[in-house]
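Now for the letters of each chain:
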Amino acid sequence: MENLEQYLQPFSVYFSLNNGLSDTKASIKRNLSKMKGMYANEHAYEAMTVNGDPLIYEFHELGVPEKPGNLAFGTSIVYPGKVGDEYYMTKGHFHTILDTAEVYYCLGGKGYMLMESPEGDWAAEPFTPGKAVYVPGRYAHRSINTGTEPLITFYVFRADAGHDYGTIESKGFRKIVIEQAGEAAIVDNPKWNN
Ligand SMILES: O=P(O)(O)OC[C@H]1O[C@H](O)[C@H](O)[C@@H](O)[C@@H]1O
Ligand SMILES: [Fe+2]
């Protein structure tokens, strides 16, 4: 699917229901080293990097041209694990065109879609297989795997929405999701500052 012209024609893509992966195009991979400063427990982060660079998540982006009438879609796979007590998660982002929404449909695993608006409204919608989560425009969003299997979601958003990572990289989300007494708990992010 290298020829962009092809995206102007009807087409179909295979995504595995077992592992979320597609053989159409290589996935984009984010290992732990790509997430410096994003986990609350920096000692745990540094200790983990000494032993290697685990794959935290990967996702398929097809390269549909970034035009307002187009839709970008693909799968995202967040692997199970924790940095300290904090579950593996995506970096998370606002859309550059802030008021553009996104839909995620959970194909496997369990976790949360953590969302927050610039005004400080936030929500954590649970992901379980079969659940579709609507991320409204204006909300930053991050997928978090609280289970023991890969968290697999299928996403669709306006192709020209863009990714704005800056705010999340510098401030984080107001909330983090950690394991507490064997359960997932949504707590205040100790590193968050306004
Ligand atoms: O961009 P991140 O926060 O690292 O998340 C990784 C990816 O997750 C989902 O699949 C989104 O729909 C993608 O647009 C996003 O790039
Ligand atoms: Fe997004």
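Residues numbered from 1 in each chain as written. Chains lettered and ligands numbered in written order. Predicted model: local features only at pLDDT ≥ 70, side-chain atom pairs only at ≥ 80, totals over all residues. Heavy atoms only, no water.

Colleague: Please explain the sheet that holds strand 9 (residues 122-127) as it appears in this structure.
Modeller: Each strand in a sheet pairs with another by means of backbone hydrogen bonds, the pair being arranged parallel or else antiparallel. The strand order across the open sheet built from 3 strands is 9-8-11, with neighbouring strands paired in antiparallel fashion. The open sheet has two free edges, formed respectively by strand 9 and strand 11 (140-145), since each of these has just one partner strand. The average angle at which neighbouring strand axes cross in this sheet is 20°, direction not considered. With 6 bridges connecting them, strand 8 (residues 111-116) and strand 9 associate as antiparallel partners. If you follow M113 over to strand 9, its bridge partner there is E125. (Pairing = 2+ DSSP bridges. Helix = DSSP H or I, 4+ residues; strand = E, 2+ residues; numbered from the N terminus. Axes fitted to C-alpha atoms, helices over the stretch in contact; angles between N-to-C directions.)

Colleague: How should the pairing of strand 10 (residues 132-135) be read in this particular structure?
Modeller: The two faces of the sheet receive side chains in turn, since in a regular strand these alternate between them. Covered by surrounding structure in strand 10 are V133 and V135 only, the residues A132 and Y134 on the alternate face being uncovered. In this structure, strand 7 (residues 102-108) lies alongside strand 10, joined through 4 bridges in antiparallel fashion. Bridged to E102 within strand 10 is V135. (Buried < 20%, exposed > 50% of the residue type's maximum accessible area, 1.4 Å probe, protein only.)

Colleague: In this structure, what is going on with the coordination of the iron ion (ligand 2)? I would like to understand it.
Modeller: Bound to the iron ion (ligand 2) on the protein side are H93 (NE2), H95 (NE2), E102 (OE) and H141 (NE2), at distances that span 2.1 to 2.3 Å. Classification of the site at the iron ion (ligand 2) rests on its 4 donor atoms, whose angles at the metal span 85 to 164°, yielding the label irregular. The sequence motif formed by the donor residues of the iron ion (ligand 2) is H-x1-H-x6-E-x38-H. On the criterion of sequence distance, the pair formed by H95 in strand 6 (residues 94-95) and H141 in strand 11 is long-range, its members being 46 residues apart. The same class applies to H95 and to H141, which are both buried. (Donors = N, O, S within 2.8 Å, 3.2 Å for Na, K, Ca; no water. Tetrahedral: all angles 85-135°; square planar, octahedral: opposite > 155°, others 65-115°.)

Colleague: Just checking my understanding: could you explain the packing of aromatic side chains for this structure?
Modeller: Aromatic ring pairs are reported here in terms of the distance separating the ring centres and the angle at which the planes meet. The full count for this structure, using the stated rule, is 9 aromatic pairs. Between F15 and F154, the aromatic rings sit 5.9 Å apart at their centres with planes inclined by 70°, giving edge-to-face as the arrangement. Of this pair, F15 sits in the segment before strand 1 (28-31) while F154 sits in strand 12 (residues 151-158), and the two are 139 residues apart along the sequence. The exposure class of F15 is buried, given its relative accessible area of 14%. Note on Y57 and F59: the rings are 6.2 Å apart at their centroids and 20° apart in plane angle, and the pair reads as stacked. (Phe/Tyr/Trp six-rings, centres within 6.5 Å; stacked < 30°, edge-to-face > 60°.)

Colleague: Please clarify how the nonpolar core should be interpreted in this entry.
Modeller: General note: in soluble globular proteins, nonpolar side chains tend to be found buried as a group. Core analysis: the biggest nonpolar cluster contains 42 residues, and M35, Y39, I56, V83, M113 and F127 have the highest contact counts within it. At 4 residues, strand 8 tops the list of elements feeding residues into this core. When neighbours within four sequence positions are excluded, I56 is seen to be in contact with R30, N31, L32, M35, Y39, I77, V78, Y79, Y88 and M89. (Core = buried A, V, L, I, M, F, W, Y, C linked by side-chain atoms within 4.5 Å. Contact = heavy atoms within 4.5 Å.)

Colleague: Any chance you could explain the pattern of salt bridges here in plain terms?
Modeller: Two side chains that carry opposite charge are able to pair once their charged atoms sit near each other. Tallied over the entire structure, the rule returns 9 salt bridges. Ionic pairing is found between E169 and K91, a salt bridge with its closest N-O pair at 3.2 Å. Taken together, the positions of E169 in helix 2 (residues 166-171) and K91 in the loop between strand 5 (86-87) and strand 6 put the pair 78 residues apart, joining distant regions of the chain. Among the residues examined, E169 registers a relative accessible area of 44% and is labelled partly exposed. (Salt bridge = Lys/Arg side-chain N within 4 Å of Asp/Glu carboxyl O.)

Colleague: Just to check I follow, could you spell out the side chain of T100 for this structure?
Modeller: Within the secondary structure, T100 is located in the loop between strand 6 and strand 7. Taking relative accessible area as the criterion, T100 reaches 6% and is therefore assigned buried. Polar contacts involving the side chain of T100 include one to the main-chain carbonyl oxygen of I97, which spans 2.7 Å. Apart from residues no more than four positions distant in its own chain, T100 is found in contact with H95, P136, G137, R138, R158 and A161. (Polar contact = N/O pair within 3.5 Å; in protein donor to acceptor, adjacent residues only side chain to side chain.)

Colleague: Is there a simple way to think about the sheet that holds strand 10 in this case?
Modeller: The strand order 1-2-3-12-7-10 describes an open sheet built from 6 strands, whose pairing is antiparallel. The open sheet has two edge strands with one neighbour each: strand 1 and strand 10. Neighbour to neighbour, the strand axes of the sheet diverge by 20° on average, direction disregarded. Sheet topology places strand 1 next to strand 2 (residues 55-59); 4 bridges connect them, and they run antiparallel.

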